[in-house]
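Chain by chain, the residues:
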Amino acid sequence: MAALTDLDRRLLAVLREDGRAPVAEIARRLGVTRATVTSRMDRLVAEGVIVGFTVRVREDAVAGEVRAVTLIEVEGRSTDAVIRRLRGFTEIDALHSTNGGWDLVAELRTPDLMEFDRLLGRIRSIDGVLNSETSLLLSSVLR
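Now for a description of the structure that goes with this document.

Conventions and cut-offs
Residues numbered from 1 in each chain as written. Predicted model: local features only at pLDDT ≥ 70, side-chain atom pairs only at ≥ 80, totals over all residues. Heavy atoms only, no water. Helix = DSSP H or I, 4+ residues; strand = E, 2+ residues; numbered from the N terminus. Rg over C-alpha atoms; globule rule 2.2 N^0.38 Å. Buried < 20%, exposed > 50% of the residue type's maximum accessible area, 1.4 Å probe, protein only. Contact = heavy atoms within 4.5 Å. Areas by Shrake-Rupley, 256 points an atom, 1.4 Å probe, with all protein chains shown as cover. Lys, Arg positive; Asp, Glu negative; His and termini not counted. Charge placed at Lys NZ, Arg CZ, Asp CG, Glu CD. Pairing = 2+ DSSP bridges.

A word on the overall build of the protein
Per the secondary structure count, the protein includes five helices and four strands. From first element to last, N terminus to C terminus, the protein shows the α and β order α-α-α-β-α-β-β-α-β. By the compact-globule yardstick of 15 Å for 143 residues, the protein is too spread out, its C-alpha radius of gyration being 19 Å. Considering only C-alpha atoms, the protein reaches an extent of 55 × 40 × 25 Å along its principal axes. Residue burial in the protein is summarised as follows: out of 143 residues, 29% are buried. Long-range contacts, defined as pairs at least 24 residues apart, comprise 63% of the intrachain contacts of the protein with a sequence gap of at least 6. Looking at the protein as shown, the accessible area adds up to about 9,800 Å², and 51% of this sits on carbon and sulfur atoms. Side-chain charges in the protein split into 21 positive and 22 negative, and the spacing between the mean points of these groups amounts to 6 Å.

As structure tokens, then:
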């Protein structure tokens, strides 16, 4: 994979802000041609830099959902096995490795508290998970 250029980074920033923006609008904002935007996007997809497109949903449209961040401590060299198990959990929006006292950070989403409680139990029962700490996300003040 080639290194990202300044234009690539600016293009990714625009797409993060509005992944459905018309190519002409993106080109205008970046000060380049539509052909340049199209070729850059095609290259970023082909190289695996852009791995997909998604939608952001207004919080009140999914009222009642439980969102949280869970910090996970993993035993010794079992991190890869724990990650493989966690990848199968549809309630995990994102999973990150980290440094410090915790090994993994999981962003969770469930439809209600009962499902959330079950999810935490499933996570904690994975072989290699030593400890976890969870914080519920109440409202987003910056996205």
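A look at the pairing of strand β3 (residues 104–110)
Counted residue by residue, β3 has five buried out of seven residues, so it is predominantly covered. Judged from the seven bridges that link them, strand β1 (residues 66–74) and β3 form a sheet pairing that is antiparallel. Across the sheet, residue Val-69 finds its bridge partner in β3, namely Glu-107. Sheet topology places strand β2 (residues 92–97) next to β3; five bridges connect them, and they run antiparallel. Within β3, the residue paired with Ile-92 across the bridge is Leu-108. Where β2 folds back onto β3 in an antiparallel hairpin, the turn is made up of six residues, including Gly-100, whose phi is positive at roughly 95 degrees.

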